[in-house]
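Structural description and commentary
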Amino acid sequence: MFERFSRSWNLIKASAGVLSKDKELLVFPLLSTICSLIVLAAFVLPALGMGALDNLHSGSAGTRVGVYVLAFLFYLVQYFVIFFFNSALVGAAMIRLDGGNPTVGDGLGIAFRKLVPILGYAAIAATVGLILRSMQERAGFLGRIAIGLIGVAWTVATFLVVPVLVTRNIGPIDALKESATLLKKTWGENLIGQDGVGVVFGLFYALLAVVGIVAIALVGAGTQNAMLAGVTAAIVAFAFVLTALIQAALSGIYSAALYRYATAQETPAGFDSQLLQHSFAVK
């Protein structure tokens, strides 16, 4: 456990070294979050207003089909937004790993050139997501656990799809196959690095939550000033948002470096080759 935490921490530090040179990479997860919230509001608010979600189980077959179509469209647009900006992030990170100095425009330009394969990948992910969600609604407790494990396996198998789409002129299906092949042939089945980064940031979130609660309580009790307590809460919320953006940026940088090492056996500057090799462990 301690070895795994140490390796994850070193991976974060190496990725953070890249991020420190190109802080504008944080713009991509920020834009992704803003656009995702807009998409959420555009789909959920009208659906709530029409009572579509309330009629999912009690309505007619036609109503349920309509709701599932709406859900698919939501997944499709949401995934497209996420994959588009993630492609921009990974593309910009690739430029930095090649020794260049990427800009936000460089990353967006790469993503725009990959619009069709990104849309295709979003359609595949939306289909898988909707199927898994539908299965979970019908399954029992053990069934939901099994379906959750399938979702984890899908996440692991598709971890390198975006770097593949960014660097190769192939379609989403071939990118999925290549991502799975790279994981299977090079490092095995268990993606330790990705999971470890989540653990590390999970600890950060827990620490922020504790510090935030204590700070808000002390400010509110000491001054009886609701406005000051509100400002403190806003600062804590901003810290959570900033941490989430950093996590998303580091994950994108990490996937770019991992793909570069997997395909060309090149260790990007700031990354240890042994560290990258052990990011995946064969069971």
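Residues numbered from 1 in each chain as written. Predicted model: local features only at pLDDT ≥ 70, side-chain atom pairs only at ≥ 80, totals over all residues. Heavy atoms only, no water.

1. Structural notes on the overall build of the chain
In terms of helices and strands, the chain carries eleven helices and two strands. Listing each helix as α and each strand as β along the chain from the N terminus yields α-α-α-α-α-α-α-α-β-α-α-α-β. Here the chain holds 283 residues, and 40% of them are scored as buried. Within the chain, residue pairs in contact and separated by at least 24 positions form 75% of the contacts whose partners lie at least 6 positions apart. As displayed, the chain offers around 14800 Å² of accessible surface, 69% of which is attributable to carbon and sulfur atoms. (Helix = DSSP H or I, 4+ residues; strand = E, 2+ residues; numbered from the N terminus. Buried < 20%, exposed > 50% of the residue type's maximum accessible area, 1.4 Å probe, protein only. Contact = heavy atoms within 4.5 Å. Areas by Shrake-Rupley, 256 points an atom, 1.4 Å probe, with all protein chains shown as cover.)

2. Thoughts on the packing of helix α5 (residues 115-138) against helix α6 (residues 141-157)
Relative orientation of the contacting elements α5 and α6 amounts to 165°, with a least axis distance of 9 Å. One element, α5, and the other, α6, form an angle in the roughly antiparallel class. Crossing handedness for the pair α5 and α6: left-handed. Seen from α5, the contacting residues are Ile 124, Ala 125, Val 128, Leu 132, Met 135 and Gln 136; seen from α6, they are Arg 144, Ile 147, Gly 148, Ile 150, Gly 151 and Trp 154. Of the residues belonging to the contact of α5 with α6, the class tally is eight nonpolar, three polar and one charged. (Axes fitted to C-alpha atoms, helices over the stretch in contact; angles between N-to-C directions. Parallel < 35°, antiparallel > 145°, perpendicular 65-115°, else oblique. Left-handed = near helix turned anticlockwise from the far one by under 90°. Nonpolar A, V, L, I, M, F, W, Y, C, P; charged D, E, K, R; others polar.)

3. Regarding α6
Here α6 is 17 residues long and its end C-alpha atoms lie 25 Å apart, about the 24 Å a rise of 1.5 Å per residue gives. Along α6, the residues that are buried comprise Ile 147, Gly 151 and Val 156. (Expected span 1.5 Å × (residues − 1).)

4. Remarks on α5
With 24 residues, α5 should reach 34 Å at 1.5 Å per residue; the first-to-last C-alpha distance of 35 Å fits that figure. Among all positions in α5, only Pro 117, Ile 118, Tyr 121, Ala 122, Ala 125, Ala 126, Gly 129, Leu 130, Leu 132 and Ser 134 are buried.

5. Structural notes on a nonpolar patch on the surface
Residues Phe 141, Leu 142, Ile 145 and Leu 149 make up a contiguous nonpolar surface patch of about 470 Å² in total accessible area. On the basis of relative accessible area, Leu 149 is assigned to the exposed category, the value being 57%. (Patch = residues over 30% accessible without salt bridge, like charges linked within 9 Å, V, L, I, M, F, W, Y side chains within 5 Å. Salt bridge = Lys/Arg side-chain N within 4 Å of Asp/Glu carboxyl O.)

6. Remarks on the pattern of salt bridges
Summed over all chains, the structure comprises three salt bridges. The salt bridge partner of Arg 96 is Asp 22, with a shortest N-O separation of 2.4 Å. Within this pair, whereas Arg 96 is found in helix α3 (residues 61-97), its partner Asp 22 is found in the loop between α1 (2-21) and α2 (27-50), the two being separated by 74 residues in sequence. Judged by its relative accessible area of 19%, Arg 96 falls in the buried class.

7. Section: the packing of aromatic side chains
Tallied over the full model, the rule gives eleven aromatic pairs. Summarising the aromatic geometry, the rings of Phe 84 and Phe 112 are spaced 5.0 Å apart at their centres and angled 70° between planes, so their arrangement reads as edge-to-face. Of the two residues, Phe 84 sits in helix α3 while Phe 112 sits in helix α4 (residues 104-113), which places them 28 residues apart along the sequence. Relative accessible area serves as the criterion here: at 7%, Phe 84 is assigned to the buried category. On the basis of an interplanar angle of 90° and a centroid distance of 5.5 Å, the ring pair of Phe 201 and Phe 204 is categorised as edge-to-face. Of this pair, Phe 201 and Phe 204 both sit in helix α9 (residues 192-223), separated by three residues, roughly a single helical turn. The exposure class assigned to Phe 201 is buried, which follows from its relative accessible area of 3%. On the accessibility criterion, Phe 204 (32% relative accessible area) is partly exposed. Put simply, the rings of Phe 43, Phe 74, Tyr 75, Tyr 79, Phe 83 and Tyr 121 touch in pairs and so form one group of aromatic residues. (Phe/Tyr/Trp six-rings, centres within 6.5 Å; stacked < 30°, edge-to-face > 60°.)

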